[in-house]
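Listed here are the chains, written in short residue letters.
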Amino acid sequence: MRGCAKASKRRGHMTDETKRDYKDTVFLPKTDFPMKAGLPQKEPGILASWQDASLYGQLREARDGAEKFILHDGPPYANGDMHIGHALNHVLKDMVCRTQTLLGKDAPYVPGWDCHGLPIEWKVEEQYRKKKKNKDEVPIKEFRAECRAYAQHWVDVQREQLKRLGCLGDWDNPYLTMQYDSEATIVAELMKFAEAGNLYRGSKPVMWSPVEKTALAEAEVEYEDITSTQIDVAFEIVESPIEELVGAHAVIWTTTPWTIPVNQALAYGAEVEYTLFMQSGGPLGSCSFLVATDLQEEFKRRTGLGFEESNFNPRTWQIKGSDLAGTVARHPMHHLGGFYAKPRPFLPGDFVTTDSGTGLVHMSPDHGEDDFELCKANGLDPVFAVMDDGRYRDDWLWLGGDDDRRRAVINPGFNAPDGPICSDLREAGALLSASADYAHSYPHSWRSKAKVIYRCTPQWFVPMDKPLGTGDFEVAPGNPLAGAVAPFVSQDHSTLRERALSEIERVRFVPEKGRRRIGSMVEGRPDWVLSRQRAWGVPITLFLKKGTSDYLQDAAVNARIVAAVREEGVDAWDEARKAEYLGSGYEPDEYEMVSDILDVWFDSGCTHVFTLESGRWPALTWPADLYLEGSDQHRGWFQSSLLESCATRGRAPYDAVLTHGFTMASDGKKMSKSLGNTVDPLKIMEQYGADIIRLWALSVDFTEDHRIGDEILKGVGDQYRKLRNTFRYMLGALSDFDYESEGVEPGQMPELERYILHRLKRLDTALRQCIADYDFNEYTRALSEFANEDLSAFFFDIRKDRLYCDDPASMERRAYRTCLDILFHALVRYAAPVLVFTAEEVWTTRFPDRGSVHLQELHQLPDEWQDDTLAARFADLRELREDVMEAIEPLRREKIIRSGLEAEVTVPEDAVPQGFSDADLAELFITASVTRGQSLAVQKTDENKCGRCWRLLPSVPEDGALCGRCEDVLA
RNA sequence: GGGCCGGUAGCUCAGUUGGUUAGAGCGCACCCCUGAUAAGGGUGAGGUCGGAGGUUCAAAUCCUCCUCGGCCCA
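Every chain is numbered on its own, with residues counted from 1 as its sequence reads. Following the order in which they are written, the chains are lettered starting with A and the ligands numbered starting with 1. Totals for whole chains, interfaces and linings use all residues, but because this is a predicted model, local features are given only for residues with pLDDT of at least 70 and pairs of side-chain atoms are given and counted only at 80 or more. Calculated side-chain values reflect all of the structure's heavy atoms, with hydrogen atoms and water omitted.

A. Main features of the overall build of chain A. Here a helix means four or more residues in a row that DSSP labels H or I, a strand means two or more in a row labelled E, and each is numbered from the N terminus. Along the backbone of chain A there are 30 helices and 32 strands. Whereas a compact globule of 971 residues would reach a radius of gyration of roughly 30 Å, chain A reaches 39 Å, over 25% beyond that. Each residue's exposure class comes from its accessible area (1.4 Å probe, protein chains only) as a fraction of the maximum for that residue type: buried when under 20%, exposed when over 50%, partly exposed otherwise. Counting every position in chain A, which comprises 971 residues, the buried fraction comes to 57%. For chain A, the share of sequence-separated contacts (at least 6 apart) that also reach a separation of at least 24 residues comes to 76%. In this description, accessible areas are obtained by the Shrake-Rupley approach with a 1.4 Å probe, and a residue is regarded as covered only by the protein chains that are shown. Roughly 40,700 Å² of accessible area belongs to chain A as shown, and the carbon and sulfur atoms make up 48% of that amount. Atoms considered for the radius of gyration are the C-alpha atoms alone. The globule rule reads 2.2 Å times the number of residues to the power 0.38. For this analysis, residues touch if any pair of their heavy atoms sits within 4.5 Å.

B. Spatial organisation of the environment of G933. Along the chain, G933 falls in strand 29 (residues 929–933). On a C-alpha basis, the gap between G933 and T906 in space is 5.8 Å, while along the polypeptide they are 27 residues apart. Non-local contacts of G933, meaning those with residues more than four positions away in its chain, are made with T906, V907, P908 and E909.

C. Molecular detail of the nonpolar core. Note on terminology: a nonpolar core comprises buried Ala, Val, Leu, Ile, Met, Phe, Trp, Tyr and Cys residues joined through side-chain atoms within 4.5 Å. Residues F543, W696, L760, L823 and Y830 are the most contacted members of the largest nonpolar core, which totals 221 residues. Not counting residues within four places of it along the chain, the set of residues in contact with L823 comprises M730, I756, L760, F786, L791, F795 and F796. Counting 59 residues, the second largest nonpolar core, distinct from the first, contains L266, V272, Y274 and V529.

D. Up close: helix 28 (residues 868–893). A helix is expected to reach a length of 1.5 Å times the quantity of its residues less one. Over its 26 residues, helix 28 runs 37 Å from end to end, which matches the ideal 38 Å to within 8%, given 1.5 Å per residue. Every buried residue belonging to helix 28 is among L870, A871, R873, F874, L877, R878, L880, R881, V884, A887, I888 and L891, and all of these are buried. As for helix 28, its buried residues are in contact with helix 24 (751–773), helix 25 (776–805), strand 28 (903–908), helix 29 (918–925) and strand 30 (937–940). Just beyond helix 28, the residue with positive phi is K895, at close to 60°.

E. Fine view of the sheet that holds strand 19 (residues 528–529). At least two DSSP bridges between two strands are needed for those strands to be called paired. Strand order in this open sheet of 4 strands is 5-4-17-19, and the pairing throughout is antiparallel. Of all strands in the sheet, those with a lone pairing partner are strand 5 (214–215) and strand 19, marking the two edges. In this sheet, strand 17 (residues 453–462) lies alongside strand 4 (residues 200–209) in antiparallel orientation, the contact comprising 9 bridges. Paired with M207 across the strands is Y454, a residue of strand 17.

F. Spatial organisation of the confidence of the model for chain A. Each residue carries a pLDDT value, the predictor's own confidence for that position, ranging from 0 to 100. For chain A, the mean per-residue pLDDT works out to 88, and 93% of the residues sit at or above 70. Per-element confidence in chain A is highest for strand 3 (residues 175–176), whose mean pLDDT is 98, and lowest for helix 12 (residues 487–491), whose mean pLDDT is 44. In the predicted structure, residues 1–13 sits below a pLDDT of 50 and forms 23 contacts with residues beyond four places in sequence or in another chain. Note on residues 309–316: pLDDT is under 50 here. Beyond four places in sequence and across chains, it has 16 contacts. The ipTM assigned to the predicted complex is 0.95, against a pTM of 0.86.

G. Just the sheet that holds strand 18 (residues 508–510), in detail. Spatially, 4 strands are ordered 1-24-25-18 in an open sheet, and the strand pairing comes out parallel. Sheet topology places strand 1 (71–72) and strand 18 at the edges, where each strand pairs with a single neighbour. The pairing of strand 24 (residues 624–630) with strand 25 (residues 654–660) spans 6 bridges and is classified as parallel. Bridging from a neighbouring strand, E629 pairs with T659 of strand 25. Running over the sheet, helix 3 (residues 84–102) touches strand 1, strand 24 and strand 25 and is turned about 155° from strand 24. The axes are straight lines fitted to the C-alpha atoms, using for helices just the contacting stretch, and the angles between their N-to-C directions are given from 0 to 180°.

H. Broad picture of the side chain of S604. Within the fold, S604 resides in helix 17 (residues 600–605). By relative accessible area, which is 2% here, S604 ends up buried. Discounting chain neighbours no more than four positions away, the residues touching S604 are P75, D114, W637, S640 and S641.

I. Looking closely at the pattern of salt bridges. Salt bridges are defined by distance alone: a side-chain nitrogen of Lys or Arg within 4 Å of a carboxyl oxygen of Asp or Glu. Inspection of every chain in the model, using the stated rule, returns 62 salt bridges. E590 is the salt-bridge partner of K545, the closest N and O atoms lying 3.2 Å from each other. Note that K545 is positioned in strand 21 (residues 543–545) and E590 in the loop between helix 16 (578–582) and strand 22 (591–593), a separation of 45 residues in sequence. Since its relative accessible area comes to 32%, K545 is described here as partly exposed. Residue classification places E590 among the partly exposed positions, given a relative accessible area of 38%. The partner of R577 in a salt bridge is E568, and the shortest N-O contact between them spans 2.7 Å. Looking at R577, the relative accessible area reads 18%, which means it is buried. In this structure, a network of salt bridges that share partners links the residues E753, R799, D801, R802, D806, E923, R951 and R965.

The following block contains the structure:
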């Protein structure tokens, strides 16, 4: 440390008049970098400069040949403006790619969009309705063209919005599921399923919307509270091993009266106990009823009838469910004959509970999953009585055909206590209760908000539990499996479920809990229903042998179809082209073209093929290192991609899956337009700038649900300003810095600089770990804390004197500036993936001619910078420093001293880490002087204040005169 | 209604296998500086760790129940 002992007395006595202002002799930070960011105004210009320089292309060139990191973008749906969820997701993706790029890898990003599907179709139909146009009168190709245009519009809108967020990617060349290439690939993938026999036509109750006349995926359904009619219906027992039951009435309870006309059986719980009751004087005269013992009171209350316990043989009072096997009832409408005259057997159902109802459940295989499975197992097939518009078919015996009471079965009036079903049942003496007062949640169509039903329809399925068939697939050149034809197929007869589950074990999940989540879903999920009865989507390009469920499996035919779709898109699947595709080997009249389209999840499940594997983007390779989406995609894209790839390629298309939670409003509740608590990322960008949203997204714990709101954004803004000013200070302090003439080797630097380099090395290590762990919240936290604590409040503050007042040629000042230069280069890179705009502004302010900061790689910091011995001494010193600050405070409060520079501090000898001189301590504590003594003490110094550096030192002859150091510097 | 996840200072987050007075940064209050200046520095006040039981010598940490919120499903 520089000694100040040689007091200079050369100057004469200074009077007030001769006191001069030394401000112009002080080397203050100099920069044009403004304190106020003005991000909303500034960002678009920076964005334009990147575009002009084609930064993305430059990066691909710069990283060509480097190790790859492939993040495959999950396609958002091309419908509506960007919302906060999109913003979060894309900032995270951008952060991943940029941090990997910082590490020197080649991390291309090709954005994509999901373009087919019902929601878009619905929007286009809505436009028709407004114009009073009937969709059915529009030629289907015209309709599809409008859907295509609609999707393209929103792709363009969202693309601009996402670019504005600062996300770097191949925006000029995104993938769309509706591009002809994509559509052809989806068809080709489907044909792989078909050729390998991993596709079957079956019937199954699926969620059906009578309004939209289509089957719905679970994602297209939402639940709302409604009130339904609940009824108790008596089924007369006509046959039973338990003699006393014959002639008694089994009672079922249901909230969907419309399913009674399609009843085919009754289910009981084998472990449930039932009781037989005698009733006299009721609507049925004297007769007995069978219900679950535990539910008898509720049953009595609902029906309001007086019951007496039966006087049958006590042996049969109470009947164990399993003893009901072999019992048969008849339908209340048995007098109609035909379907209604058939016996209604009692079947054991493990789904039967005594939570509600009567403990006996009426079964309609057409309209319930449990019903379907149980009846199927007992040889009862669905009858398809309900048509696609929700009405019973024309030839149906009860309430079908010309019955003018016929309505859609979901119509509340149809099911009402005074509606046709209840009336007929009442007339038949089978209705024990009916009231329109049962409140429960019920599935509704996501788009139309109309109620949906379960309805059995023919659909196409991918079996989950059938050993996967073999297919002679051509493996794309980019695929590591290339060369061997689907090797997994020959050695492995696992089912799709088994294969998917084993991949779930292998793949890395961040956070880890995602593994269990998708695992339990795949374990429990039913067969994949691929078909939709709609227009806007990729056709299921199968030829069905007429009168059968067999589809044509001919690779040559399929190749013709795929080629045509590649040229013309989905419109190529056209009845007029039938003979062309079938070729000479088949008689067109013997086949019908399947008119269903594919579930859009199949589209998205194929994105890995037409994006990573296709070669359309040379920078991409299959499989992906990472998929990164919201946690809802465990059921969605993560799963559809997994299943598609496992069936066709034997493995997941990704090695790791990163999920984020959902963004809640500031009250922790989910955002909804009705609550008015939504936060619009577009408005935040207008108001605060994209860097603020980015910093927000990267400083919350995105693995969980997290919040956004004014207070939070204000905090983010504060954090931003602090970082910005740290850069501003460095820019100012480094103005005109020239390493060639000024640089000092780190090994030659003072200990404080070496300590800071140690801290930087530690930070560097921590941030690299954060990148590897995708722990961005810790990344931004560590970065901010370093800037605040190590730099601003400690290093910069201590070194201010040196920077301002030391001789620019002195080794110490040069060492400090060299250290700042190192810090600058590190920090601007650390900040670059987070504050993409601000980092660029910082970079170009200092280096107007060195291109973009985003082309830079992280420097490898020398391991020697880590000096744990030195760090331990400084850690102790910083603790002592805190004690000193605390001790100075009372004097300040009592106005004895104003700044620490006026303080003379005595520190306990044993509290000082070894190797620090008194002068070092005074410098590090920013006090007048430090001496050692018994205990910590502070007093005001008697020394005079240097007119230039404002320190109070013995070498200053009088207040306002110069200290020795300043005298020398000015000499 | 079921499964899973979460609830630590005003805000954003740490809290390792249960173990001394529960931490950090920001914000806030007060003070200093006025040569990073709509900046910088200092000090301080903030928490019955969602609630209630339980296990233990000891619980933010383990168990049970409740509550609030979220995702998925019915």
